[in-house]
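Spelled out from the first residue to the last, the chains are:
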Amino acid sequence: MIQLLPAEVADAIAAGEVIERPASVVKELVENALDAGARRINVDVRGAGKTSIRVSDDGAGIPAGELALAFVRHTTSKLTSLADLAVIQSFGFRGEALASIAAVAEVDCSSGGAKLRIRAGEVVEHGGGPLLPGVVIEIRDLFANVPARLKFLKSDATEVAAIKDVVAGFALLHPHVRFHLTIDSRAAVSSTGDGDRRRAIGAVYGPSVAAEMLELVGIPLVTGMVSQPRLSRGSRDGMVLAVNGRPISARSLVYALEECYQGRLERGRHPIAVLDIGIDPDLVDVNVHPAKKEVRFRDEGAIFGALQRAVRAALDGSDPFRYRPAENLEAAAAATAISSPQLTVHEAVAMLGAPATNGHAAAVLRPIGQVGPGYLVAEGPHGLVLVDQHAAHERVLYNRLLERIRAGGGASQPLLIPQAVDVEPALIAAAADHREELAKMGLEYEEFGPRSLRITAVPVELPSGRATAAIQETLAALAENRGDEAVHKAAAALACHSAVKFGDVLDVSEQRRLLADLETAEESITCPHGRPTRLLVEWQELTRHFKRNY
């Protein structure tokens, strides 16, 4: 038998689409405050949001005569016609947030000199109240009337973390608004609201992170900041993406961002980023998801490209990794004495002259020698530089291979005796699909049966004894990836096998040549796998350590 659902049941079902957890309440109320033009938003949470959530702001508020109407489903001041749905500029627009919250909690709301109390969707008190700026709204006993929903909430620590993420995200995206979040009377997030995004990042992630952020400039469509390659995280929690100030989830944009860091970060590491895409509301559909988490772009490719141009331009200004002394120097010294091997320095000639820079204007590193199992020691304009010889050579060769692909070919060395390599059929197919790119990198082959290739030429830099392993890994990279990423991964694998090994002893001329090539290489801070190529110990750090600063 088909029947009309009771109003309280329909309201509870509809509320479940919008209010999934305490963090959902905070999100909806903060969005309402931003829509009202608030410049100060205070959020106080108790009992992980289940006991109470209190949000106050200094925005335009709700007129006293419309306070009760604001809690009726599908009532809104932000839409008047169907045409308005195509050009939404406000965070809220469906008129469901307050009604959904009131359906699953007890609500006290004061605004415009009026006060309203609602319990489980029913008005229980409506009268005069204090004449305060903006809106003060308190949510108590969340989900008390729907215990099944309460049972499926995560631990208090998880729910608190979700609330922090919501407020932190808005604080990062709206640095001109002062946010203050307290959890059980303890300050959790507190931003200045002075419009400085770096200070907002400092308020959320700390000043050390804020100092490592690069600002995006030159692309009006995309604003925000991204982290230096030397700063990364093991998860994507530090990536905040938004459209017109609205936090969103967008796999394509996450991919676009992380692709910019390919070759700059190690596998499994992710950047910190705060990116806001300012776009004409007519070109984006925010009415895709009940909680407005997802959006749909009219021209996603253009957004993808603009984001990558902005991020790559910022990353071109990345700084090298710098030495930071341990806080506990005695403990660090003791650990070094126990674990470090005895180092032997292979000295370089003191007066070498200035190496060629290939037209590059940057100052070139002066080699001092080789130390330990594979580090070059050099002097630069800003301090003492330690270079990982394998990572540095890998970056130089990787750039060289990509340039050969762009230029249409490079030097290869024919093998006196072609080498047969046994490979899986999938790798043979990958080789056939990318024969032209492989040839441009200097790798030439012939098919030699259903599961074998005969290598006839390799890049000039690749020692013939490493050819078999290099080819297998290069073809595996082509088989496991697609498009440009496949070629880049293949070039990285080929460069890795061609580079000098960690532990090889280099003579003076080889040290000088490698340092000169590294200085003129693009994106030379890391190898193509994201490992640092060098460590800078600044002169001022040496001066301070040896007490030469007074």
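The shown structure was predicted, so the numbers you read here are calculated from the model rather than taken from an experiment.

A. Examining the nonpolar core more closely. Counting 49 residues, the largest nonpolar core has I41, F71, I137, I139 and F179 as the members making the most contacts within it. If you look at the next biggest cluster of nonpolar residues, it comprises 34 residues, including L453, A470, A477 and A486.

B. Quick look at the sheet that holds strand β13 (residues 273–277). As summarised here, the arrangement of the 5 strands in space is β9-β10-β13-β11-β12, forming an open sheet in which the pairing is mixed. Edge positions in the open sheet fall to β9 (213–215) and β12 (246–247), since each of these has one partner strand only.

C. Structural context of the layout of surface pockets. Empty space within the largest pocket amounts to approximately 1100 Å³. Lining the largest pocket are 35 residues, with D165, V166, M239, P247 and S249 sitting closest to its centre. With 8 residues, helix α5 (residues 156–173) is the single largest residue contributor to the lining of the largest pocket. Residues that form the lining of the largest pocket fall into these classes: 20 nonpolar, 3 polar and 12 charged.

D. Structural context of empty space enclosed by the protein. Per the counting criterion, the structure on display carries 3 cavities of 30 Å³ or more. When its volume is computed, the largest cavity comes out at roughly 40 Å³. Together, P229, R264, S318, E523, I525 and T526 line the largest cavity. Split into classes, the residues belonging to the lining of the largest cavity amount to 2 nonpolar, 2 polar and 2 charged.

E. Seen up close, the side chain of H393. On the secondary structure map, H393 appears in helix α11 (residues 389–407). H393 has contacts with S498, A499, V500 and L514, leaving out every residue within four places of it along the chain.

F. Quick look at the sheet that holds strand β8 (residues 186–190). Read across the sheet, 8 strands follow the order β5-β4-β3-β6-β2-β1-β7-β8 without closing on themselves; strand pairing throughout is mixed. Of all strands in the sheet, those bounded by a partner on one side alone are β5 (122–128) and β8. Direction aside, the axes of adjacent strands within the sheet are offset by 10° on average. Here 6 bridges tie strand β1 (residues 40–46) to strand β7 (residues 178–183), and the two strands are oriented parallel to one another. Residue pairing across strands places D44 opposite T182, the latter belonging to β7. Its contacts with the sheet place α5 against β1, β7 and β8, and it is angled at close to 170° to β7.

G. Fine view of α11. With 19 residues, α11 extends 27 Å from end C-alpha to end C-alpha; this agrees with the ideal 27 Å at 1.5 Å per step. The buried fraction of α11 is high, at 15 of 19 residues. At the N-terminal end of α11, a side-chain oxygen is found 3.1 Å from the backbone nitrogen of H390, two or three residues along, and the residue is D388.

H. Structural detail: unusual backbone geometry. At N244, a position not held by glycine, the phi torsion is positive, near 50°. Among the secondary structure elements, N244 is positioned in the loop between β11 (239–243) and β12. Even without glycine at this site, K547 takes up a positive phi of about 55°. Its place among the elements puts K547 in the segment after α17 (539–545).

I. Main features of the pattern of salt bridges. Counted by the stated rule, this structure contains 29 salt bridges. R400 is the salt-bridge partner of D517, the closest N and O atoms lying 3.7 Å from each other. Here D517 is found in helix α16 (residues 508–520), whereas its partner R400 is found in helix α11, with 117 residues between them in sequence. Residue R400 is classed as partly exposed on the basis of its relative accessible area of 32%. Beyond isolated ion pairs, a larger network of salt bridges with shared partners links E106, D108, R117, R119, E138 and R140.

J. Geometry of the packing of helix α8 (residues 251–260) against helix α9 (residues 300–315). Following both chains from N to C, one finds α8 and α9 inclined at 30°, their axes separated by 9 Å at the closest point. On the basis of their axis angle, the class for α8 and α9 is roughly parallel. The two elements α8 and α9 cross, and the hand of that crossing is right-handed. Residue-level contacts link S252, L253, Y255, A256, L257, E259 and C260 of α8 to E300, I303, F304, L307, Q308, V311, R312 and L315 of α9. Here the contact of α8 with α9 is built from residues that sort into 10 nonpolar, 2 polar and 3 charged.

K. View of the pairing of strand β4 (residues 114–119). Alternating residues of β4 divide into A114, L116 and I118, all buried, and K115, R117 and R119, none buried. Here 6 bridges tie strand β3 (residues 106–111) to β4, and the two strands are oriented antiparallel to one another. By the bridge assignment, S111 is partnered in β4 with A114. Count of turn residues in the β3/β4 antiparallel hairpin: 2 residues, of which G112 carries a positive phi of about 60°. Bridge count between β4 and β5: 6 bridges; the pairing is antiparallel.

L. Representation of the packing of α5 against helix α6 (residues 197–205) within the structure. Packing of α5 against α6 leaves a shortest axis separation of 8 Å and a crossing angle of 165°. By the criterion of interaxial angle, the relationship of α5 to α6 is roughly antiparallel. At the point where α5 passes α6, the crossing takes the left-handed sense. Two secondary-structure elements touch here, α5 through A168, A171, L172 and L173 and α6 through R197, A200, I201, V204 and Y205. Here the contact of α5 with α6 is composed, by residue class, of 8 nonpolar, no polar and 1 charged.

M. A look at helix α15 (residues 483–498). The terminal C-alpha atoms of α15 lie 23 Å apart, and with 16 residues this matches the ideal 22 Å at 1.5 Å per residue to within 8%. Counted residue by residue, α15 has 12 buried out of 16 residues, so it is predominantly covered. For α15, the complete set of buried residues consists of E485, A486, V487, A490, A491, A492, A493, L494, A495, C496, H497 and S498. Along its buried surface, α15 packs onto α8, α11, α13 (435–441), β23 (452–459) and α14 (467–480).

Procedures and definitions
Residues numbered from 1 in each chain as written. Predicted model: local features only at pLDDT ≥ 70, side-chain atom pairs only at ≥ 80, totals over all residues. Heavy atoms only, no water. Core = buried A, V, L, I, M, F, W, Y, C linked by side-chain atoms within 4.5 Å. Buried < 20%, exposed > 50% of the residue type's maximum accessible area, 1.4 Å probe, protein only. Pairing = 2+ DSSP bridges. Helix = DSSP H or I, 4+ residues; strand = E, 2+ residues; numbered from the N terminus. 1 Å grid on protein atoms, 1.4 Å probe; cavity = no way out; pocket = protein on both sides within 12 Å on 5 of 7 lines; lining within 4 Å. Points joined across faces, edges and corners; volume = space filled by probe spheres on them. Nonpolar A, V, L, I, M, F, W, Y, C, P; charged D, E, K, R; others polar. Contact = heavy atoms within 4.5 Å. Axes fitted to C-alpha atoms, helices over the stretch in contact; angles between N-to-C directions. Expected span 1.5 Å × (residues − 1). Polar contact = N/O pair within 3.5 Å; in protein donor to acceptor, adjacent residues only side chain to side chain. Salt bridge = Lys/Arg side-chain N within 4 Å of Asp/Glu carboxyl O. Parallel < 35°, antiparallel > 145°, perpendicular 65-115°, else oblique. Left-handed = near helix turned anticlockwise from the far one by under 90°.

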